[in-house]
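An overview of the molecular structure
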Amino acid sequence: MIFATGNEGKMKEIRTIMADFCREIYSMKEAGIEINVEENGQTYEENALIKARAVAVHTQDLVLADDSGLEIDWLNGEPGVYSARYMGEDTSYRVKNANLISRLEGVPEEKRTARFVCAIAAVLPGGRELTVRAAIEGRIGYEEKGDNGFGYDPIFFVPEIGKTTAELGEAEKNRISHRGKALGLMKEELGKL
Ligand code: IMP
């Protein structure tokens, strides 16, 4: 199986979660596929499919790809599919997180609802395609908390746990996260074939 990402952090998560389904999971780089894909879809599913299809052209193996983002209800779902590009790809997450917190200034706790969403697409060797989607619900905090994870994790507070996703250990985040749940769903779907 090839997972269409250049992100080593994601590859680690994916290898752990998919280990009981597939032992040989390669990143694009490991598979010797070096392409730049423009993620110009309108939805997470479209973007995941764009990436998976672009890689599938170069291989006979099963190809998976994901696309994810943070949706903040008060901001009408922003940054959404533009999460990685929000305020510019090269802007630090310290700055992006501070900006989102400032846009929620004065917004009460119950209206700070948000979710991380992840779609995963698969292109099978015969050309058949599958997509799955999962989310984790939370609230935007008032300041950054925690040093684990990446991106928007320090401002994403999970009320049931009383911590941000940046305060969770790797295994705990994998168990409840959008990506962890979506990978679990994809594993189930592939297992049915
Ligand atoms: P992509 O799925 O790699 O195209 O980018 C999704 C973007 O959404 C990331 O660059 C982060 O900004 C954000 N994001 C997605 N998942 C997470 C997460 O688990 N923690 C924090 N930020 C995330």
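So, here's what we can say about the structure. (Residues numbered from 1 in each chain as written. Predicted model: local features only at pLDDT ≥ 70, side-chain atom pairs only at ≥ 80, totals over all residues. Heavy atoms only, no water.)

A look at the site of the ligand
Around the ligand, the surrounding shell holds 17 residues, and the nearest of these are Lys 10, Ser 68, Tyr 93, Asp 153 and Lys 173. Here Ser 68 contributes a side-chain N or O atom positioned 2.8 Å from an oxygen atom of the ligand. Contacts to the ligand include His 178, whose side-chain N or O atom sits 3.0 Å from a nitrogen atom. Here the ligand has 490 Å² of accessible area as a free molecule, and 90% of this is covered by the chains. For the shell around the ligand, the elements supplying multiple residues, two or more each, are strand E3 (63-72) and helix H5 (178-192). For the shell around the ligand, the element with the highest residue contribution is E3, accounting for three residues. Looking at the shell around the ligand residue by residue, the classes come out as five nonpolar, five polar and seven charged. (Near = heavy atom within 4 Å. Polar contact = N/O pair within 3.5 Å; in protein donor to acceptor, adjacent residues only side chain to side chain. Areas by Shrake-Rupley, 256 points an atom, 1.4 Å probe, with all protein chains shown as cover. Helix = DSSP H or I, 4+ residues; strand = E, 2+ residues; numbered from the N terminus. Nonpolar A, V, L, I, M, F, W, Y, C, P; charged D, E, K, R; others polar.)

Some remarks on the side chain of Glu 71
Note on placement: Glu 71 falls in strand E3. The exposure class of Glu 71 is buried, given its relative accessible area of 19%. Reaching out from Glu 71, the side chain makes a polar contact with the side chain of Tyr 44 at a distance of 3.1 Å. The residues touching Glu 71, leaving out its near neighbours within four places in the chain, are Tyr 44, Gly 77, Glu 78, Gly 80, Thr 113, Ala 114, Arg 115 and Val 117. (Buried < 20%, exposed > 50% of the residue type's maximum accessible area, 1.4 Å probe, protein only. Contact = heavy atoms within 4.5 Å.)

Quick notes on H5
With 15 residues, H5 extends 21 Å between its outermost C-alpha atoms, agreeing within 8% with the 21 Å of an ideal straight helix rising 1.5 Å per residue. The set of residues buried in H5 consists of His 178, Arg 179, Gly 180, Ala 182, Leu 183, Met 186, Lys 187 and Leu 190. Of the surrounding secondary structure, the elements contacted by the buried residues of H5 are strand E1 (2-3), helix H1 (8-18), E3, strand E5 (113-123), strand E6 (129-140) and helix H4 (170-176). (Expected span 1.5 Å × (residues − 1).)

Some thoughts on the pattern of salt bridges
This model, assessed by the stated rule, comprises 18 salt bridges. Here Asp 153 and Lys 173 are joined by a salt bridge, their closest N and O atoms 2.9 Å apart. Of this pair, Asp 153 sits in the loop between E6 and strand E7 (156-158) while Lys 173 sits in helix H4, and the two are 20 residues apart along the sequence. This pair shows no difference in class: Asp 153 is buried, exactly as Lys 173 is. Of the charged contacts in the structure, one is a salt bridge between Lys 192 and Glu 189, with a shortest N-O distance of 3.0 Å. You can see Lys 192 and its partner Glu 189 sitting in helix H5, three residues apart, about one turn around the helix. Glu 189 sits in the partly exposed class, given a relative accessible area of 27%. Within this structure, Lys 10, Glu 13, Asp 66 and Arg 179 form a network of salt bridges that share partners. (Salt bridge = Lys/Arg side-chain N within 4 Å of Asp/Glu carboxyl O.)

Observations regarding the nonpolar core
Counting residues in each nonpolar core, the largest one holds 21 residues, and the members touching the most others are Ile 25, Leu 64, Ile 120 and Met 186. Put simply, the parts of the chain that give this core at least two residues each are H1, E5, E6 and H5. Among the nonpolar cores identified, the runner-up in size contains 16 residues, and Ile 101, Ala 114, Ile 136 and Tyr 152 belong to it. (Core = buried A, V, L, I, M, F, W, Y, C linked by side-chain atoms within 4.5 Å.)

A closer look at the pairing of E3
Within E3, 10 of the 10 residues are buried, leaving the element largely enclosed by the surrounding structure. Along E3, one buried face is formed by Val 63, Ala 65, Asp 67, Gly 69 and Glu 71 and the opposite face, lined by Leu 64, Asp 66, Ser 68, Leu 70 and Ile 72, is buried too. Of the strand pairs in this sheet, E1 and E3 are connected by two bridges, and their pairing is parallel. Paired with Phe 3 across the two strands is Leu 64, which belongs to E3. Across 10 bridges, E3 lies against E5 in antiparallel orientation. Residue pairing for E5: Asp 66 is matched across the bridge by Ile 120. When E3 meets strand E4 (residues 78-79), the two strands line up antiparallel, connected through two bridges. (Pairing = 2+ DSSP bridges.)

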